[in-house]
Amino acid sequence: MGQSYKVAVIGAGTAGLLTARELQREGHRVTVFEKADKVGGTWLYNSRVESDLLGVDPNREIVHSSLYRSLQANLPRQAMSFLDYPFLKKQGGDQRTFAGHEEVLRFLQDFARDFGLMELIRFGHEVIRVELVDELTHEWVVESRSRQNESTWESKEEVFEAVVICNGNNTEPKIAEFPGRETWPGLQMHSHSYRIPQLFENKIVVLIGNGPSAFDIVREISPLAKQVHQAIRSPGFRLIKLQNYDNLWQHSMIRCAHKDGKVEFQDGSVVDADVIIHCTGYKYHYPFLKSNGVVTVDGDHVGPLYKHVFPPNLAPWLSFVGLNYRAIVFRVMELQAKWVAKVLSGKAELPSKEAMTCSVEKLYGEMEKNGRSKHYTHCLQNGEVEYVSWLAAQSDTRLPTRWEEISFNTIVKRVLYCGENYRDAWDVDDWIEDIRCCSKI
Ligand code: FAD
């Protein structure tokens, strides 16, 4: 056994559960703070929506999950399995390869139960302050509050030697800005508050974005809506009517919105819309973190962070698990969790503060040189395989043979090949079997 510390983990979603398991395996004393009354985070569907559907009012009551009722995973279950805990089809459960959200939640609940994590979690405890009080002894105060009744909260301070932040990053909406947005008279909302399509019956809807949520939502509302117009920011998009749909168009981005309800696109087309749905992603958000400016958060980017996990000046006593996207995120989180646990127990070593800072600055420098905005710092689309190999090496973890052939990019390629019906059209078991067969040759 290595060194053992008293560690606070914030959040009991996928990242927090994986982190708690790895910390416990390494012999640390773990307390997980979870504001909800169940594990699962994003995967705990909530039919309730926030009072401000656009999610810009800082005083709104937050609803954590952004799931819509019909949501089916966009990755096959093989890509949502943990290294030693596969996401299997269970008798009586959802048999689909692209599992429904209830099935993903069950997988996470089973994981928490099978690894004895439930006892480590303090449910109904929201962390409201994390602050370093003694640099020398790396003492962190974690202040949490729990509801006593309708109007009263009780708050409590405790001291920990290390804190791992796993509070998720799909809750604080990021919205699109365009001239006239604030005075446009129709209903504007963010996909964070989208649950069911019925609200859009007979409406003319403009939907901004081209990510996985936009893809699903346009197809779910088009049978009910009068018209659906998808505005896409990436260059090269111009007005087209989608084949196989009577009422679905793709446009370039919105140029401006008018007080009479008209929405004008950069391709010159104009529609008289009722609703604008912003499917424009989320911001990183750590309202509880008091780091004295050591860690800065500007919505799209958290930094400086060595390899997306450790702020060099506070390492290893503060860390983040789960910031990356456009990757097989469960795999990345699992390896980040193993790395954090091993660094704390002294079995994995971090470079010096200066070397970590230098590595982060080098990354920023390279991004700037390549004209890549800081907005993409935590996007792994073209660096996933290299990063995952690097992470696995830090914690001495053996990855399955040919694991790199099941990456975000190979999955996107298959999805594009199978077309918009990919969840039904793609025989993933067959694809995996082919990969396994090749590895035996
Ligand atoms: P979360 O699941 O958000 O968990 C964070 C936890 O922290 C929550 O339980 C929350 O209550 C708690 N918390 C937050 N703040 C506090 C606080 N101050 N105090 C105490 N507790 C707190 N990924 C896939 O792999 N496959 C998919 O198909 C997929 N589909 C997705 C679809 C949608 C619509 C969205 C939004 C995301 C999807 N993802 C998917 C990504 C998904 O976010 C990750 O799979 C994963 O669930 C993120 O886990 P997490 O632990 O980082 O965050």
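If you're wondering where the values come from, they're calculated on a predicted model, not measured in any experiment.

S.K.: Please explain the layout of surface pockets as it appears in this structure.
M.R.: Here the second largest pocket defines a volume of roughly 720 Å³. Contributing to the lining of the second largest pocket are 23 residues, with His308, Leu363, Glu366, Gly383 and Glu386 lying nearest its centre. Of all elements in the fold, only α5 (353–369) and α6 (384–394) reach the threshold of two or more residues within the lining of the second largest pocket. Top contributing element to the lining of the second largest pocket by residue count: α5, with seven residues. Looking at the lining of the second largest pocket residue by residue, the class counts come to eleven nonpolar, seven polar and five charged.

S.K.: Looking at this model, I keep getting lost on the site of the ligand. Mind explaining?
M.R.: Around the ligand, a shell composed of 31 residues is seen, among which Glu34, Thr42, His64, Asn74 and Asn170 lie nearest. Here a nitrogen atom of the ligand and a backbone polar atom of Lys35 are 3.1 Å apart. Within the side chain of Asn170, a nitrogen or oxygen atom sits 2.7 Å from an oxygen atom of the ligand. Burial of the ligand by the protein chains amounts to 92% of its free accessible area of 990 Å². At the level of secondary structure, the elements contributing two or more residues to the shell around the ligand comprise α1 (14–25), β2 (29–34), β4 (126–134) and α4 (329–345). Among the elements that make up the shell around the ligand, the one with the highest residue count is α4 (three residues). Taken together, the residues of the shell around the ligand sort by class into 15 nonpolar, 13 polar and three charged.

S.K.: Would you explain the environment of Thr397 in this entry?
M.R.: Assignment of secondary structure puts Thr397 in the loop between α6 and α7 (408–418). In this structure, the C-alpha to C-alpha distance between Thr397 and Leu335, residues 62 residues apart in sequence, is 8.1 Å. Discounting residues that sit within four places of it in the chain, Thr397 has contacts with Leu83, Leu335, Lys338 and Ala392. A distance of 2.7 Å separates the side chain of Thr397 from the side chain of Ser395, its partner in a polar contact.

S.K.: How do you make sense of the sheet that holds strand β9 (residues 187–190) when you look at a structure like this?
M.R.: Strands belonging to one sheet form pairs held by backbone hydrogen bonds; the direction of such a pair is parallel or antiparallel. The strand order across the open sheet built from six strands is β9-β17-β10-β11-β13-β12, with neighbouring strands paired in mixed fashion. On the outer flanks of this sheet lie β9 and β12 (240–241), each paired with one strand and no other. In the sheet, β9 pairs with strand β17 (residues 275–278) via four bridges, with the strands oriented parallel. Note that in β17 the partner of Gln188 across the bridge is Ile276.

S.K.: Mind showing me how you'd approach the packing of α1 against helix α2 (residues 101–114) here?
M.R.: Two measures define how a pair of helices packs: the angle their axes make with one another and the distance between the axes. One can describe the packing of α1 onto α2 by two numbers: an axis separation of 11 Å at closest approach and a directional angle of 20°. Considered as vectors, α1 and α2 are oriented roughly parallel to each other. The two elements α1 and α2 cross, and the hand of that crossing is left-handed. Residues Thr14, Leu17, Leu18 and Arg21 of α1 pack against Leu108, Phe111 and Ala112 of α2. The residue inventory of the contact of α1 with α2, partitioned by class, reads five nonpolar, one polar and one charged.

S.K.: What's the story with the packing of aromatic side chains in this structure? I'm lost.
M.R.: Given two aromatic rings, one states the distance between the centres and the angle between the planes to describe the pair. All told, the structure shown has 22 aromatic pairs when counted by the stated rule. For the pair Tyr306 and Trp339, a centre-to-centre distance of 6.0 Å together with 55° between the ring planes defines the contact as tilted. Separated by 33 residues along the polypeptide, Tyr306 in the loop between β21 (302–303) and β22 (318–320) and Trp339 in helix α4 bring together distant segments of the chain. Side by side, Tyr306 and Trp339 carry an identical accessibility label, which is buried. An angle of 85° between the planes, with centres 5.1 Å apart, marks the rings of Trp339 and Trp390 as edge-to-face. One end of the pair, Trp339, is in helix α4; the other, Trp390, is in helix α6, and 51 residues separate them in sequence. With relative accessibility at 23%, the residue Trp390 sits in the partly exposed group. Joined through ring pairs, the aromatic side chains of Phe82, Tyr85, Phe87, Phe107, Phe111, Phe115 and Phe330 make up one cluster. Between the NZ or CZ atom of Arg145 and the centre of the ring of Trp153, over which it lies, the distance is 3.7 Å. Directly above the aromatic system of Trp390 lies the positively charged group of Lys307, at a separation of 4.6 Å from the ring centroid.

S.K.: What exactly am I supposed to notice about the pattern of salt bridges here?
M.R.: Opposite charge on two side chains allows them to pair when their charged atoms are near. Counted according to the given criterion, the structure contains 30 salt bridges. In this structure, Arg21 and Glu22 form a salt bridge, with 3.1 Å as the shortest nitrogen-oxygen distance. In this structure Arg21 comes out as buried when scored by relative accessible area, which is 1%. When its relative accessible area of 5% is taken as the criterion, Glu22 is described as buried. Between Asp110 and Arg113 there is a salt bridge, with the nearest N and O atoms lying 3.3 Å from each other. In this pair, Asp110 and Arg113 are both assigned in helix α2, three residues apart and thus about one turn of the helix distant. Under the relative-accessibility criterion, Asp110 is labelled buried at 14%. The exposed category is assigned to Arg113, whose relative accessible area is 52%.

Procedures and definitions
- Residues numbered from 1 in each chain as written.
- Predicted model: local features only at pLDDT ≥ 70, side-chain atom pairs only at ≥ 80, totals over all residues.
- Heavy atoms only, no water.
- 1 Å grid on protein atoms, 1.4 Å probe; cavity = no way out; pocket = protein on both sides within 12 Å on 5 of 7 lines; lining within 4 Å.
- Points joined across faces, edges and corners; volume = space filled by probe spheres on them.
- Helix = DSSP H or I, 4+ residues; strand = E, 2+ residues; numbered from the N terminus.
- Nonpolar A, V, L, I, M, F, W, Y, C, P; charged D, E, K, R; others polar.
- Near = heavy atom within 4 Å.
- Polar contact = N/O pair within 3.5 Å; in protein donor to acceptor, adjacent residues only side chain to side chain.
- Areas by Shrake-Rupley, 256 points an atom, 1.4 Å probe, with all protein chains shown as cover.
- Contact = heavy atoms within 4.5 Å.
- Pairing = 2+ DSSP bridges.
- Axes fitted to C-alpha atoms, helices over the stretch in contact; angles between N-to-C directions.
- Parallel < 35°, antiparallel > 145°, perpendicular 65-115°, else oblique.
- Left-handed = near helix turned anticlockwise from the far one by under 90°.
- Phe/Tyr/Trp six-rings, centres within 6.5 Å; stacked < 30°, edge-to-face > 60°.
- Buried < 20%, exposed > 50% of the residue type's maximum accessible area, 1.4 Å probe, protein only.
- Lys NZ or Arg CZ within 6 Å of the ring centre and 35° of its normal.
- Salt bridge = Lys/Arg side-chain N within 4 Å of Asp/Glu carboxyl O.

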